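Observations on the model geometry
The lines below spell out each chain.
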Amino acid sequence: MLILSIRRLGMAADGFHLPFTPEVERATAPVWDKVQGHVTPMEWRAQAPLIAAINRLKADKDAVILAHNYMTPEIFHGVGDFVGDSLALAKEAAKSKARVIVQAGVHFMAETSKVLSPDKTVLIPDLRAGCSLAASITGADVRLIKQRYPGVPVVTYVNTTAEVKAETDICCTSANAVQVVEEAARLFGADRVILIPDEFLARNVARQTAIRIIAWQGRCEVHERFTAEDILEIKAAYPGAEVLAHPECPAEVIEVSDFTGSTAAMNDYVLTRKPKRVVLITECSMADNVAADARETEFVRPCNLCPHMKRITLENIYEALLYGMHEVTVDPAIAERARLAVQRMIDLPPPAKPARYDLVKARHHVDVELI
C-alpha cells in the first residue's frame, strides 16, 4: 500500500520524484484536454509527470509504444504512438523504424511484434500480462488437431502465443476472421476450416459464411461473461441506446445487439455515425478511449475489466523504457514459422467493404464441430 501511495503522488519506482511542474503541465495539456472526463485532477498530477517523462525517454531510446484499445486513457492518449486493435498494432510493429518497441498490451501482442521485427528490442512493462484465451491452447494441441484433421487449413486468431502461430497456416483477427476463413478455404480447396482458439468467435464466424468451422473451446474471460439478459436489461433501462458487441461474445449476445465488430469497427461506428447514446460490449477502457474523441455521444458502461491489460501502467512503462526491462524473445525457429502465418494475414487485400457482422445472418443457427 505504501508503494502504491507513493506512485500515485508521482514517485517513480526507483524513488526519483517526478514533480508536476508548469513545464509538465504545458507539455501534457493536449492529453489532459482529452482525458479529463476520465481522470480526476488529483490523479492527473501524478500521471502528467510520468507521461512527460515517458515521451522524453521514447526520443532518447529510439522507441515507440504500441497501445491497445484496452489500455487506460492516460496510456492510450498520453503515450501511445500507435493505437488500435491487434491487427493495426501488428501492422505498425512490422512497419516501425524504431529500435525499441514497447508493447502496451498483453504478452502475445509483444511476441507478435517480436516475430514481425526480429531485429528490434521488444519490451513489455509486465511479463505477467497474459491472456486467458492465449493460455487455452498450446503448440502441442495444434499439432494433435492437425493429426486429427489432416489437410484441413488451420486459421489461428492472433490472440495466441508465437508457438501456436508457428503451427498454423494463416492468422486472423476479429476484424478479418470471415475474410481469412474464406481465403484459407479457397487456397486449400477445402469446404471446412479449423478456426482456433476462441469458441465464440468461431461460432459467430460460422454464421457469416458457408465454410464449415471446426472450433476449439477457448474463451476470453472478458467477453464470455456478457449474456443476452444483460443486453436486454440495458436496452430496457436506456431506450434508444445502440448496442455494439465484440465477436468474442456469445452468439446470443450478438443476436440481441445492434452491431457487431472488432474494436476498430466499434470505434469507427461511433465516430462516423455519432449515435446519441451507445453501449460497447467489450473491455472497460475501450469506452473511455472512444469517448475522448466522441464527446457528443453518451456512453453507457456495462463493461468487464481485463485484469491482464490492467497490469500495464504508466509506472511500469516508464521503468521498462528507463532500464530496458522485460525484453520479450522468441526462439528464431518458432518466430520464422509464426511470421509466415502473420504475414499471410497482413498481405491479404483489404476487404471490398469494411468488415462487419451481418446481424440477420447471425440469427441463423449454424453448428460448429467442437474439438
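Our structure is the block above this text.
Residues numbered from 1 in each chain as written. Predicted model: local features only at pLDDT ≥ 70, side-chain atom pairs only at ≥ 80, totals over all residues. Heavy atoms only, no water.

**Looking at the sheet that holds strand 13 (residues 369-370)**
Which entries qualify depends on this criterion: Between any two strands, pairing holds if DSSP finds at least two bridges. A run of DSSP states H or I qualifies as a helix once it reaches four residues; a run of E qualifies as a strand once it reaches two. Both are numbered from the N-terminal end.
Read from one edge to the other, the open sheet built from 5 strands follows the order 6-5-7-8-13, with strand pairing classed as parallel. With partners counted over all chains shown, the strands left at the sheet margins are strand 6 (170-172) and strand 13, one partner each. Pairing between strand 7 (residues 192-196) and strand 8 (residues 212-215): 4 bridges, direction parallel. The residue bridging Val193 from the neighbouring strand is Ile213, located in strand 8.

**With respect to empty space enclosed by the protein**
Take a probe with the size of a water molecule and roll it over the atoms, and the empty space left behind shows itself. The cut-off we apply is this: Residues are said to line a cavity or pocket when one of their atoms sits within 4 Å of a point; the points come from a 1 Å grid over protein atoms alone, cavities being sets where a 1.4 Å probe fits but cannot get out and pockets being open sets with protein on both sides within 12 Å along at least five of seven lines. Grid points are joined across faces, edges and corners, and a volume is the space filled by probe spheres set on the points. In this count, Pro and Cys sit with the nonpolar residues alongside Ala, Val, Leu, Ile, Met, Phe, Trp and Tyr, while Asp, Glu, Lys and Arg are called charged and the others, Gly among them, polar.
With the rule as written, the count across this model stands at 2 cavities of 30 Å³ or more. Its boundaries defined by the atoms lining it, the largest cavity holds a volume of some 260 Å³. His68, Tyr70, Asn159, Glu248 and Met309 are, among the 28 residues lining the largest cavity, the residues nearest its centre. The set of elements that each furnish at least two residues to the lining of the largest cavity consists of helix 6 (86-95) and helix 7 (107-116). Considering only residue class, the lining of the largest cavity consists of 13 nonpolar, 12 polar and 3 charged.

**A look at the side chain of Thr209**
Stated formally: Pairing of N or O atoms within 3.5 Å defines a polar contact, subject to two protein rules: one partner must be a possible hydrogen donor and the other a possible acceptor, and residues neighboring in sequence count only if both atoms are side-chain atoms.
Relative to the helices and strands, Thr209 resides in the loop between helix 11 (199-206) and strand 8. Polar side-chain contacts of Thr209 include one of 3.1 Å to the backbone nitrogen of Ile211.

**Quick look at the sheet that holds strand 3 (residues 100-104)**
Keep this limit in mind: With axes taken as lines fitted to C-alpha atoms, and helix axes fitted only over the stretch in contact, angles between N-to-C directions fall between 0 and 180 degrees. Should any heavy atoms of two residues lie within 4.5 Å, those residues are considered in contact.
The parallel open sheet is built from 4 strands, whose spatial order is 2-1-3-4. On the outer flanks of this sheet lie strand 2 (82-84) and strand 4 (121-123), each paired with one strand and no other. Between one strand axis and the next, the sheet turns through 20° on average, direction left out of account. Inspection of the sheet shows strand 1 (residues 63-68) paired to strand 2 by 3 bridges, in the parallel sense. Counted as the bridge partner of His68 is Gly84 from strand 2. The sheet contacts of helix 7 involve strand 1, strand 3 and strand 4, and relative to strand 3 the element is tilted by about 155°.

**A short note on the packing of helix 7 against helix 17 (residues 332-346)**
Condition: Small angles under 35 degrees read as roughly parallel and large ones over 145 as roughly antiparallel, with 65 to 115 read as roughly perpendicular and the rest as oblique.
With their axes 9 Å apart at the nearest point, helix 7 and helix 17 run at an angle of 95° to one another. The pairing of helix 7 with helix 17 is recorded here as roughly perpendicular in orientation. For the pair helix 7 and helix 17, the contacting residues are Thr112, Val115 and Leu116 in the first and Ala335, Ala338, Arg339, Val342, Gln343 and Ile346 in the second. Here the residues of the contact of helix 7 with helix 17 sort into 6 nonpolar, 2 polar and 1 charged.

**Considering the pairing of strand 8**
To keep things clear, this is the line we draw: For the handedness criterion, the strands are oriented away from the viewer, and a crossover whose path from the first strand over the helix to the second runs clockwise is classed as right-handed.
Tracing the backbone out of strand 7, into helix 11 and back to the parallel element strand 8 gives a crossover that is right-handed. Summarising the sheet, strand 8 and strand 13 pair through 2 bridges and their orientation is parallel. Of the residues in strand 13, the one forming a bridge with Ile214 is Glu369.

**Description of helix 12 (residues 228-237)**
What counts is decided by this rule: Relative accessibility decides the category of a residue: with a 1.4 Å probe and only protein chains considered, values under 20% of the type maximum give buried, values over 50% give exposed, and everything between is partly exposed. The arc in question is the one traced by the directions running from the helix axis out to the C-beta atoms.
Buried within helix 12 are the following residues: Ala228, Ile231 and Ile234. Angular distribution of buried residues about the axis of helix 12 spans 125°; they occupy a single face of the element. For helix 12, the exposed residues set more than 90 degrees away from the buried face come down to Glu229, Glu233, Ala236 and Ala237. Buried residues along helix 12 sit against strand 9 (242-245), helix 13 (251-255) and strand 11 (277-281).

**Remarks on the pairing of strand 3**
Regular strands place side chains that alternate from one sheet face to the opposite one. Across the 5 residues that make up strand 3, a large majority, 5, are buried. Residues Val100, Val102 and Ala104 line one face of strand 3 and the alternating positions Ile101 and Gln103 line the opposite face, and both faces are buried. Of the strand pairs in this sheet, strand 1 and strand 3 are connected by 5 bridges, and their pairing is parallel. Bridging from a neighbouring strand, Ala63 pairs with Val100 of strand 3. In this sheet, strand 4 lies alongside strand 3 in parallel orientation, the contact comprising 3 bridges. Within the sheet, the bridge partner assigned to Val102 lies in strand 4 and is Leu123.

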